[in-house]
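Listed below are the residues making up each chain.
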Amino acid sequence: MRALGLDPVRLEQANAPLFRNLQRKCVSCDSHERCDAELQQGTYEADFQDYCPNADVLVSLRIGGGPIKRHAARSRVAVQSWGADSYEHAVTA
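In this report, we go over the structure that sits alongside the text. Quick caveat: nothing in here was measured; it's all calculated off a predicted structure.

The next thing to look at is helix α2 (residues 16-27). The terminal C-alpha atoms of α2, which comprises twelve residues, lie 16 Å apart, in line with the 16 Å expected from a rise of 1.5 Å per residue. For α2, the complete set of buried residues consists of Phe19, Leu22, Gln23 and Cys26. Seen end-on, α2 carries its buried residues on one side only, within an arc spanning 100°. At the N-terminal end of α2, a side-chain oxygen is found 3.1 Å from the backbone nitrogen of Leu18, two or three residues along, and the residue is Asn15.

In structure tokens form, the structure reads like this:
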């Protein structure tokens, strides 16, 4: 989420059922390796819609996210310093 400029903590506070649904889809996704690689390379934002089961929701949140949007500069720093596993990255990235 952070890679897309979204704040997962704020999303969970604002809409816990939606947040849990996003987690569930991420855990069951078959594209963890691709997702991890693209997050590490910084290309996730350009390609995630091709394979992410949460893409439609994440795009909608980016467009109308309101308080769950993060400052873009902070997002880049968080992604660059992040090294979590597949499950954690989609939930917190």
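Enumeration over the complete set of coordinates arrives at zero disulfides. Cysteine Cys26 shares no disulfide, and the gap to the nearest cysteine sulfur, in Cys35, comes to 6.5 Å. Unpaired in terms of disulfides, Cys29 finds its nearest cysteine sulfur in Cys52, a separation of 6.4 Å.

In this structure, Met1, Tyr44, Phe48, Cys52 and Leu58 are the most contacted members of the largest nonpolar core, which totals 16 residues. Elements with a contribution of two residues or more to this core: α2, α3 (32-41) and α5 (55-64). Take this core: its biggest share by element is three residues, from α5. In this structure, Phe48 is in contact with Leu4, Glu38, Ala55, Leu58, Val59 and Arg62, ignoring residues within four places of it in sequence.

A few words now on the environment of Leu18. Within the element layout of this structure, Leu18 appears in helix α2. Taking the C-alpha atoms as reference points, Leu18 and Val57, 39 residues apart in sequence, are found 9.1 Å from one another.

Definitions and limits used
- Residues numbered from 1 in each chain as written.
- Predicted model: local features only at pLDDT ≥ 70, side-chain atom pairs only at ≥ 80, totals over all residues.
- Heavy atoms only, no water.
- Helix = DSSP H or I, 4+ residues; strand = E, 2+ residues; numbered from the N terminus.
- Expected span 1.5 Å × (residues − 1).
- Buried < 20%, exposed > 50% of the residue type's maximum accessible area, 1.4 Å probe, protein only.
- Arc of directions from axis to C-beta.
- Polar contact = N/O pair within 3.5 Å; in protein donor to acceptor, adjacent residues only side chain to side chain.
- Disulfide = S-S within 2.5 Å.
- Core = buried A, V, L, I, M, F, W, Y, C linked by side-chain atoms within 4.5 Å.
- Contact = heavy atoms within 4.5 Å.

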